[in-house]
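Structure assessment
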Amino acid sequence: DPVSTVMNKQPTVCYLKDSREELLASMKLKSVHHMPVVDDGGYLVGLETLDKLLTPQQRENIVVLMAGGLGTRLRPLTEDCPKPMVNIGGRPILETILLNFIEYGFKEFYISVNYMSEMVTGYFGDGERWGVDIKYLHETDKLGTAGCLGLLPKRPEHPFFVMNGDLLTKINFSQLFDFHFKHDTNATMCVREYDFQVPYGVIDIDNHRIVSIDEKPVHRFFVNAGVYLLEPNVLDLIPSNSYFDMPTLFEKLIEKEMETTVFPVREYWLDVGKLADYDRANTEYRDIFT
C-alpha cells in the first residue's frame, strides 16, 4: 500500500524560529513530549524533546544578590533576622530568588552580606546543596546597591546580574538577556509600572479662573524594580570602598552618554518592604511559586 494511507498528513511541528517558551507552550497544549523541527519549506531539520527543553541552558554569567540590608520597615520580623532571610512560603526570600536563577541555568553567585551575615552564610554555605557555587562579598561598612560590586574578586567576563535580596518576582531572565543584547546597551534596569490615584478632584487654574477639573486622576510612572543586567565595563565607574547606589551609577552612565535601557517587568513582582507586603506575599506565594 502507498505510505499516504498511513501517514499523518497534518503533523504537529515546530519551526526553527520558535523560541523555547513557544515550544514549551505548544507541547503543553498538544500534550506531546517531542516535536519535529521543520524549516520554512516544511522540510525536517531536527527534533525537539520536552526533556531537553526543560533542562536549562548553562550560563557563564554571574549573579550578585544584595542581602546586607537592615530591613527596618519589617520589624519586628527583622530584629533577629536579615530581611532576605525572612521566611515566605516556608523558605527564605533569598532562597526563592536563588531557585529562580537556577531554573534559568545560572550557577555562579555572589551574595553581598553585612547585617547578621552569619545567618546568610550559615544557611547557604558554598551552594553545594543546590548544585551551584556561592561566594560572599563581606561589607564592613554599608556600600549601597552598587558599591559592593567593587568587592568582586575578579572582573566578570560576561554581562552580570545584580538583584536586591528582598524581591519576589517571576521575571523571564532569558527574555531580559535577549532584550539587553538586542539593544547593545551598557546597563539595563528592570522597571515596574506604578499607578497612583489622587483621591480628590484636581483643579487646573489660571490666576483665579478654573480652567479644568480632573476628578481623581491616575498618574502612571515607571519605578526601579531592583533588578539590573550590567556590562563589565560599568565597574570602572564605581569607586572602591565608598557608598554608591544603583541610581547614582545610572546617572553616571547617562552623564557619560553611555547607552542605558529599561526593561518593563510584566510578570509577578513584589518588593517585600513592609509588613503588609509580607502578608500579601505569604498569601500569593503558593499560586505563584509552586
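Everything that follows concerns the structure shown earlier in this document.
These remarks concern the structure in this document. Since the model is a prediction, treat every value here as computed from it, not as a measurement. (Residues numbered from 1 in each chain as written. Predicted model: local features only at pLDDT ≥ 70, side-chain atom pairs only at ≥ 80, totals over all residues. Heavy atoms only, no water.)

**Let's talk about the overall build of the protein**
Note the cut-off: Strands are runs of DSSP state E lasting at least two residues, helices are runs of H or I lasting at least four, and both sets are numbered from the N terminus onward. Burial here depends on accessible area, computed with a 1.4 Å probe over protein chains only, as a share of the maximum for the residue type. Under 20% is buried, over 50% is exposed, and the range in between is partly exposed. When checking whether two residues touch, look at their non-hydrogen atoms; a contact exists if any pair is within 4.5 Å. Accessibility throughout is a Shrake-Rupley quantity obtained with a 1.4 Å probe, and a residue counts as covered only by protein chains that appear here. Neither His nor the chain termini are counted; the positive set is Lys and Arg, and the negative set is Asp and Glu. Note on charges: their place is set at NZ of Lys, CZ of Arg, CG of Asp or CD of Glu.
In terms of helices and strands, the protein carries eight helices and 16 strands. Counting only C-alpha atoms and orienting by the principal axes, one finds that the protein spans roughly 85 × 60 × 45 Å. Taken across its 290 residues, the protein has 42% of its residues classed as buried. Across the protein, contacts joining residues at least 24 apart in sequence account for 68% of those joining residues at least 6 apart. Carbon together with sulfur atoms contributes 51% to the accessible area of the protein, which is approximately 16,700 Å² in total. For the protein, the distance from the average site of its 29 positive side-chain charges to the average site of its 43 negative ones is 3 Å.

**Digging into the pattern of salt bridges**
Oppositely charged side chains may form a pair once their charged atoms are brought near each other. Condition: Whenever a carboxyl oxygen of Asp or Glu lies within 4 Å of a side-chain nitrogen of Lys or Arg, that contact is scored as a salt bridge.
All told, the structure shown has eight salt bridges when counted by the stated rule. One salt bridge in this structure joins Glu-95 and Arg-91, with 4.0 Å as the shortest N-O distance. Residue Glu-284 pairs with Arg-280 through a salt bridge whose shortest N-O separation is 3.0 Å. Remark: Arg-280 and Glu-284 occur in helix α8 (residues 275–289); sequence separation between them is four residues, near one turn of the helix. Residues joined in a network through salt bridges with shared partners are Glu-193, Asp-195 and Arg-220.

**Remarks on the pairing of strand β4 (residues 59–66)**
What counts, and what does not: Two strands pair under a simple rule: DSSP has to find at least two bridges between them.
Of all eight residues making up β4, seven are buried, and the element is well covered by its neighbours. Bridge count between β4 and strand β9 (residues 160–164): four bridges; the pairing is parallel. Within β9, the residue paired with Val-63 across the bridge is Phe-161.

**Points about the packing of aromatic side chains**
To be explicit about the condition: Ring geometry is summarised as follows: Phe, Tyr and Trp rings, the Trp one being its six-membered ring, pair when their centres sit within 6.5 Å, and such pairs are stacked at plane angles under 30 degrees, edge-to-face over 60 and tilted between the two.
Tallied over the entire structure, the rule returns 16 aromatic pairs. Ring geometry for Phe-101 and Phe-173: centres 4.2 Å apart, planes at 20 degrees, overall stacked. Of this pair, Phe-101 sits in helix α3 (residues 93–103) while Phe-173 sits in helix α6 (residues 173–182), placing them 72 residues apart in sequence. Of the two residues examined, Phe-101 and Phe-173, each falls in the buried class. Centre to centre, the rings of Phe-161 and Phe-177 are 5.4 Å apart; their planes meet at 85 degrees, and the pair counts as edge-to-face. Residue Phe-161 is found in strand β9, and its partner Phe-177 is found in helix α6; the two are separated by 16 residues along the sequence.

**A closer look at the sheet that holds strand β2 (residues 34–38)**
In spatial order, the strands read β1-β2-β3; together these three strands make up an open sheet with mixed pairing. Sheet topology places β1 (14–15) and β3 (44–49) at the edges, where each strand pairs with a single neighbour. Both β1 and β2 contribute to a ladder of two bridges, which runs parallel. Residue pairing across strands places Cys-14 opposite Val-37, the latter belonging to β2.

**Comments concerning helix α7 (residues 246–255)**
Quick reminder: α-helices carry 3.6 residues per turn. Residues three or four places apart thus point the same way. In plain terms, the rule: Along the arc lie the directions from the helix axis toward the C-beta atoms.
Every buried residue of α7 is listed here: Met-246, Leu-249, Phe-250 and Leu-253. Viewed along the axis of α7, the buried residues span an arc of 95 degrees, placing them on a single side of the element. Turned more than 90 degrees off the buried face of α7, the exposed positions are Glu-251 and Glu-255. Looking one or two residues past α7, Glu-257 carries a phi angle of roughly 60 degrees, positive in sign.

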